[in-house]
Amino acid sequence: QVHLVESGGGLVQAGGSLRLSCAASGRPFKSYVMYWFRQAPGKEREFVARISWGGSSTYYSDSVKGRFTISRDNAKNTVYLQMNSLKPEDTAVYYCAVPEQYITGSYSPGSMNYWGQGTQVTVSS
């Protein structure tokens, strides 16, 4: 079992920044690949970013590439999402997630087995 708790969401003006955190407990943190997803009102949950076990490999959706940075601190069992140059279309509930088994190239919400409760990010124009 993996327990995930996100924090750091809030209201920010367009062009601003936020840093989300996701604290994990359960299995050894360094043993799993970590993901961030988001879900805007009326839309499906979508992939945002992924980071490898050691943190050396990252991958982003096209919509956030160059603006968001995913990182992790295995000593603190925490993954982060630094969000810069925020846009109103980034408004969503942001979730961290973990798959039981990492599948290369899989970025579907259906591939995840554990989810946090989510944290709301609202970007005003």
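Residues numbered from 1 in each chain as written. Predicted model: local features only at pLDDT ≥ 70, side-chain atom pairs only at ≥ 80, totals over all residues. Heavy atoms only, no water.

(A) View of the overall build of the chain. A count of helical and extended segments in the chain gives zero helices and 11 strands. Computed over the C-alpha atoms, the radius of gyration of the chain is 13 Å, within 12% of the 14 Å expected from 2.2 N^0.38 for a compact globule of 125 residues. With respect to the principal axes defined by its C-alpha atoms, the chain has extents near 40 × 30 × 25 Å. Burial analysis of the chain (125 residues in total) assigns 43% to the buried set. Here the analysis covers contacts within the chain between residues at least 6 apart in sequence; of these, 58% occur between residues at least 24 apart. Taken as a whole, the chain presents about 6200 Å² of accessible surface, with 48% of it coming from carbon and sulfur. Positive and negative side-chain charges in the chain, numbering 12 and 8 respectively, have mean positions lying 6 Å apart. (Helix = DSSP H or I, 4+ residues; strand = E, 2+ residues; numbered from the N terminus. Rg over C-alpha atoms; globule rule 2.2 N^0.38 Å. Buried < 20%, exposed > 50% of the residue type's maximum accessible area, 1.4 Å probe, protein only. Contact = heavy atoms within 4.5 Å. Areas by Shrake-Rupley, 256 points an atom, 1.4 Å probe, with all protein chains shown as cover. Lys, Arg positive; Asp, Glu negative; His and termini not counted. Charge placed at Lys NZ, Arg CZ, Asp CG, Glu CD.)

(B) Expanded view of the environment of R27. With respect to the element layout, R27 can be found in the loop between β3 (18–26) and β4 (34–39). The spatial distance from the C-alpha of R27 to the C-alpha of G16 is 35 Å, given a sequence separation of 11 residues. Beyond its immediate chain neighbours, meaning those up to four positions away, R27 contacts Q1, V2, Y32, P99, E100 and Y114.

(C) Region of the structure containing unusual backbone geometry. At N77, a position not held by glycine, the phi torsion is positive, near 55°. Tracing the backbone shows N77 in the loop between β7 (68–73) and β8 (78–83). Judged by its relative accessible area of 29%, N77 falls in the partly exposed class. Positive phi, normally seen in glycine, also occurs at S85, with a value near 50°.

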